[in-house]
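# Breakdown of the fold
So the chains spell out like this:
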Amino acid sequence: EFSNRINKQSLMIRFTEIEIEWFGSIPKLKYQFHERGLTIIRGENGSGKTCIFSALTWALFGKPIKSGSTITPWPIVIGNKKNTDLHPYKGTRVKVSYLKDGVLREITRCDSYTGKVAGSKGSSRLICEIDGKLNSELRDKRDVQEWIIKDLGYTFQLFKSTRLFGQKLKGIMGEDGPTRTQILEEAFNVSYLTRAKELADKGITEINLELGELNQKVSA
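What counts, and where the lines are drawn
- Residues numbered from 1 in each chain as written.
- Predicted model: local features only at pLDDT ≥ 70, side-chain atom pairs only at ≥ 80, totals over all residues.
- Heavy atoms only, no water.
- Helix = DSSP H or I, 4+ residues; strand = E, 2+ residues; numbered from the N terminus.
- Buried < 20%, exposed > 50% of the residue type's maximum accessible area, 1.4 Å probe, protein only.
- Contact = heavy atoms within 4.5 Å.
- Areas by Shrake-Rupley, 256 points an atom, 1.4 Å probe, with all protein chains shown as cover.
- pLDDT = per-residue confidence, 0-100.
- Phe/Tyr/Trp six-rings, centres within 6.5 Å; stacked < 30°, edge-to-face > 60°.
- Lys NZ or Arg CZ within 6 Å of the ring centre and 35° of its normal.
- Salt bridge = Lys/Arg side-chain N within 4 Å of Asp/Glu carboxyl O.
- Pairing = 2+ DSSP bridges.
- Axes fitted to C-alpha atoms, helices over the stretch in contact; angles between N-to-C directions.
- Expected span 1.5 Å × (residues − 1).
- Core = buried A, V, L, I, M, F, W, Y, C linked by side-chain atoms within 4.5 Å.

Let us now look at the overall build of the chain. The helix and strand inventory of the chain stands at 8 helices and 8 strands. Of all 220 residues assigned to the chain, the portion counted as buried reaches 36%. Within the chain, counting contacts between residues at least 6 apart in sequence, those at least 24 apart form 54% of the total. For the chain, the accessible area works out to roughly 14000 Å², and carbon and sulfur atoms hold 53% of it.

Have a look at this one:
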């Protein structure tokens, strides 16, 4: 019975879609993660395979997956007349959608974006929408960033080291000793473990109350 209570309240996150405009080697792309099983992304060098996941981490954490890399569109991409004819350059925008316990979250990060986002100029904003509604309780980019990390249960370093395995991308075992220790310490303190402890404590309290009531009935 106690395990059922935990399962009913457990948290689940599933990424569903990413929209990219003018990020690295990508002029425009919409990619869905909804398919089950293994997904293989193939393409020639410079076609944007790594950029998809770099755009994902940039949208969520404000950082591309590789240190030293840039979000700025490649000059050859912007200079391609076919690209700009199909999709005029407006700056960089990445939108990541994911479900948490069935509730849709949409994170949009922009850099010098002149198009509209949530009814206003994109500029260099970071916004969060839940079930299609802007989370108005978050005052600025710092508030939104803190909310994202709390909602996901991952900082950038932990997410990069345990959820992304790209070419020439260091995993947790490739990090230096202090960094590896920091990641491991964080891994055992992410929100889902804290939440599990809260649920366990609540379940134990409820069971003890029920036990106390039963003992009183037996004694009577």
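On we go.
Here we come to the environment of Gly24. Looking at the secondary structure, you find Gly24 in the loop between β1 (13–23) and β2 (26–32). Sequence-wise, Gly24 and Thr92 are 68 residues apart; in three dimensions their C-alpha atoms are separated by 9.2 Å.

The next point concerns the confidence of the model for the chain. With 77% of its residues at a pLDDT of 70 or more, the chain has an overall mean of 82. Mean pLDDT values over the elements of the chain span from 38, in helix α1 (residues 2–8), up to 96, in strand β4 (residues 103–111). Under a pLDDT of 50 for its full length, residues 1–10 has, in the predicted model, 15 contacts with residues more than four places off or in other chains.

The subject of this paragraph is the packing of aromatic side chains. In this structure the tally under the stated criterion is 8 aromatic pairs. Taken together, the ring pairs connect Phe15, Phe61, Tyr98, Tyr154, Phe156 and Phe159 into an aromatic cluster. Over the ring of Trp58 we find Arg109, and its NZ or CZ is 5.9 Å from the ring centre.

Okay, the pattern of salt bridges next. Evaluation of the coordinates by the stated rule reveals 9 salt bridges. The salt bridge involving Glu19 is made with Arg93; its shortest N-O contact spans 3.1 Å. Note that Glu19 is positioned in strand β1 and Arg93 in strand β3 (residues 92–100), a separation of 74 residues in sequence. Residues Glu19 and Arg93 agree in their burial class; the two are buried. Among the residues examined, Arg93 registers a relative accessible area of 12% and is labelled buried. Taken together, the salt bridges that share partners define one network made up of Glu19, Glu21, Lys30 and Arg93.

Let us now look at the pairing of β4. Bridge count for β3 against β4 is 9 bridges, and the pairing is antiparallel. Across the sheet, residue Tyr98 finds its bridge partner in β4, namely Arg105. The turn joining β3 and β4, which pair antiparallel and follow one another in sequence, is formed by 2 residues; a positive phi near 50 degrees is taken by Asp101. Bridge analysis of β4 against strand β7 (residues 126–130) gives 5 bridges, and the strand direction is antiparallel. Residue pairing across strands places Arg109 opposite Leu126, the latter belonging to β7.

Spatially, β2-β1-β3-β4-β7-β8 is the arrangement adopted by the 6 strands of the open sheet, whose pairing is antiparallel. Edge positions in the open sheet fall to β2 and β8 (133–134), since each of these has one partner strand only. Those strands touched by helix α5 (residues 141–152) are β1, β3, β4 and β7, and its axis lies near 50 degrees from that of β7.

Relative to the 18 Å expected for 13 residues at 1.5 Å per residue, helix α2 (residues 49–61) spans 19 Å between its end C-alpha atoms, a close match to the ideal helical length. Extensive coverage of α2 is indicated by the burial of 10 of its 13 residues. Considered for burial, the residues of α2 that qualify are Cys51, Ile52, Ser54, Ala55, Leu56, Thr57, Trp58, Ala59, Leu60 and Phe61. Two residues or fewer after α2 comes Gly62, characterised by a positive phi angle close to 80 degrees.

Ranked by size, the top nonpolar core spans 28 residues in total, and within it Ile18, Phe23, Leu60, Val94, Ile107 and Ile148 carry the most contacts. Secondary-structure elements contributing two or more residues to this core are β1, α2, β3, β7, α5 and α6 (156–163).

Within β7, 4 of the 5 residues are buried, which leaves the element mostly enclosed by the surrounding structure. Here 2 bridges tie β7 to β8, and the two strands are oriented antiparallel to one another. Counterpart to Ile130 in the pairing with β8 is Lys133. Two successive antiparallel strands, β7 and β8, enclose a turn made up of 2 residues, where Asp131 displays a positive phi of approximately 55 degrees.

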